Amino acid sequence: MRHLEDRPLLLDAVREAGTLALKYFRDGVKSWNKQPNDPVSEADIAIDKLLRARLVDTRPGYGWLSEESASAAAVGDAATWVVDPIDGTRAFIAGKPEFTVSVALMAEGQPVLAAIYNPATDEFYEAASGDGAKLNGKPIRASGHGALAEARLLASRRTFDRHGWLARTGKAEFEHRNSIAYRMALVAAGRFDAAISLSEKSDWDIAAADLVVREAGGRISTADGLALRYDARRHRHPSVIATGPWLHDELVDLLKTRKHDGHD
């Protein structure tokens, strides 16, 4: 399979990046705002540099798109590393173990390799196109739960209440994790039935998790049920949901009734 030879490079680089992240997480980290309500830490910058050195220096013909550094090439037909050095920076700064190092290799506009690592919980998710998804080396499958009632949701209960959805979700349980990549990976592992974010996401937030979810048998789309498109011009997505194979359509039907009031 194309790019499968890049898998050891990706896994080794992400694991090394996770080790560095864990050191900062345990020892304390300096942080500041890139812009209002958009924090970044010295760990984000250090991990970005480490990953770029490991991945781009080894594959100089590949592009680079990262949250924390300028892109060397846009996501398109060329192979491109798409990187979030720390997804869940707020949790990382606050000392909560809800962050990940998230990296995908894109080819022809789609993720073909992925690694998502939460070093604080020692959860290493990986996937290769057509070759399944794994957690710590063992195959994973998304949940087979098929109804919103009694579903385990990584979503905002407050949002469901505001949109009048709680009556339609029965005894569904609501939890939260700061990193969207981590939330989606937890769905891929079958620990939750769906992850929902109605706010905009960037390619680096979700590209790796997109592949992990699909290779685990799950489904992923925007909240309106549209396929995710990795656009070289914008790198943005209006929303994202990840589900097991049977819950997706019912959830999309519910989410399409939302009020577009700018609060999600």
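Cut-off values and rules
Residues numbered from 1 in each chain as written. Predicted model: local features only at pLDDT ≥ 70, side-chain atom pairs only at ≥ 80, totals over all residues. Heavy atoms only, no water. Pairing = 2+ DSSP bridges. Helix = DSSP H or I, 4+ residues; strand = E, 2+ residues; numbered from the N terminus. Axes fitted to C-alpha atoms, helices over the stretch in contact; angles between N-to-C directions. Parallel < 35°, antiparallel > 145°, perpendicular 65-115°, else oblique. Left-handed = near helix turned anticlockwise from the far one by under 90°. Contact = heavy atoms within 4.5 Å. Nonpolar A, V, L, I, M, F, W, Y, C, P; charged D, E, K, R; others polar. Core = buried A, V, L, I, M, F, W, Y, C linked by side-chain atoms within 4.5 Å. Buried < 20%, exposed > 50% of the residue type's maximum accessible area, 1.4 Å probe, protein only. Expected span 1.5 Å × (residues − 1). Polar contact = N/O pair within 3.5 Å; in protein donor to acceptor, adjacent residues only side chain to side chain. Phe/Tyr/Trp six-rings, centres within 6.5 Å; stacked < 30°, edge-to-face > 60°.

Caption draft 1: Examining the pairing of strand 1 (residues 31–35) more closely. Where strand 1 lies against strand 2 (residues 38–41), 4 bridges are found, and the strand directions are antiparallel. Across the sheet, residue Trp32 finds its bridge partner in strand 2, namely Val40. Counting the residues in the hairpin turn of strand 1 and strand 2 gives 2 residues, including Asn37, whose phi is positive at 60°.

Caption draft 2: Structural detail: the packing of helix 1 (residues 7–27) against helix 2 (residues 42–58). Following both chains from N to C, one finds helix 1 and helix 2 inclined at 160°, their axes separated by 10 Å at the closest point. When the axis of helix 1 is compared with that of helix 2, the two are roughly antiparallel. For the element pair helix 1 and helix 2, the recorded crossing hand is right-handed. Where helix 1 approaches helix 2, its residues Leu9, Leu10, Ala13, Val14, Glu16, Ala17, Leu20, Ala21 and Tyr24 are matched on the opposing element by Glu42, Ala43, Ala46, Ile47, Leu50, Leu51, Arg54, Leu55 and Thr58. Here the contact of helix 1 with helix 2 is composed, by residue class, of 14 nonpolar, 1 polar and 3 charged.

Caption draft 3: Main features of the nonpolar core. Judged by nonpolar contacts, the single largest core of 37 residues is most densely connected at Ile116, Tyr125, Ile140, Met184, Ile206, Val212 and Val240. Elements with a minimum of two residues in this core: strand 5 (100–107), strand 6 (110–118), strand 7 (123–128), strand 8 (133–135), helix 5 (180–188), helix 6 (203–215) and strand 16 (240–243). Setting aside residues no more than four positions away along its own chain, Ile116 makes contact with Thr100, Val101, Ser102, Glu123, Phe124, Tyr125, Ala181, Ala185, Ala208, Ala209 and Val212. Counting residues in hydrophobic clusters, the runner-up holds 33 residues, among them Ala43, Trp81, Val103 and Ala115.

Caption draft 4: Fine view of helix 2. Compared with the 24 Å implied by 1.5 Å per residue over 17 residues, the 24 Å span of helix 2 between its first and last C-alpha is a close match. Listed in full, the buried residues belonging to helix 2 are Ala43, Asp44, Ile47, Asp48, Leu50, Leu51, Leu55 and Val56. Check the buried side of helix 2 and you find it contacts helix 1, strand 2, strand 3 (63–66), strand 4 (80–87), helix 3 (89–94) and strand 5. Where helix 2 begins, one side-chain oxygen reaches toward the backbone nitrogen of Ala43, 3.1 Å away; that side chain belongs to Ser41.

Caption draft 5: Quick look at the packing of aromatic side chains. All chains considered together, the criterion is met by 7 aromatic pairs. Seen in terms of ring centroids, Phe25 and Phe92 are 5.8 Å apart; in terms of plane orientation they differ by 40°. Their pairing is tilted. With Phe25 in helix 1 and Phe92 in helix 3, this residue pair connects regions lying 67 residues apart in the sequence. Side by side, Phe25 and Phe92 carry an identical accessibility label, which is buried.

Caption draft 6: Local environment of the sheet that holds strand 8. Taken together, the 7 strands give an open sheet; going across it, the order is 3-4-5-6-7-8-9, and neighbouring strands pair in mixed fashion. Looking at the sheet topology across the chains shown, the edges are occupied by strand 3 and strand 9 (138–139). The pairing of strand 6 with strand 7 spans 6 bridges and is classified as antiparallel. Along strand 7, the bridge assignment pairs Tyr117 with Phe124. Here helix 2 sits on the sheet and contacts strand 3, strand 4 and strand 5; the angle it forms with strand 4, its principal contact strand, is near 155°. Along the sheet, helix 6 contacts strand 3, strand 4, strand 5, strand 6, strand 7 and strand 8; its crossing angle with strand 6, the most-contacted strand, is approximately 100°.

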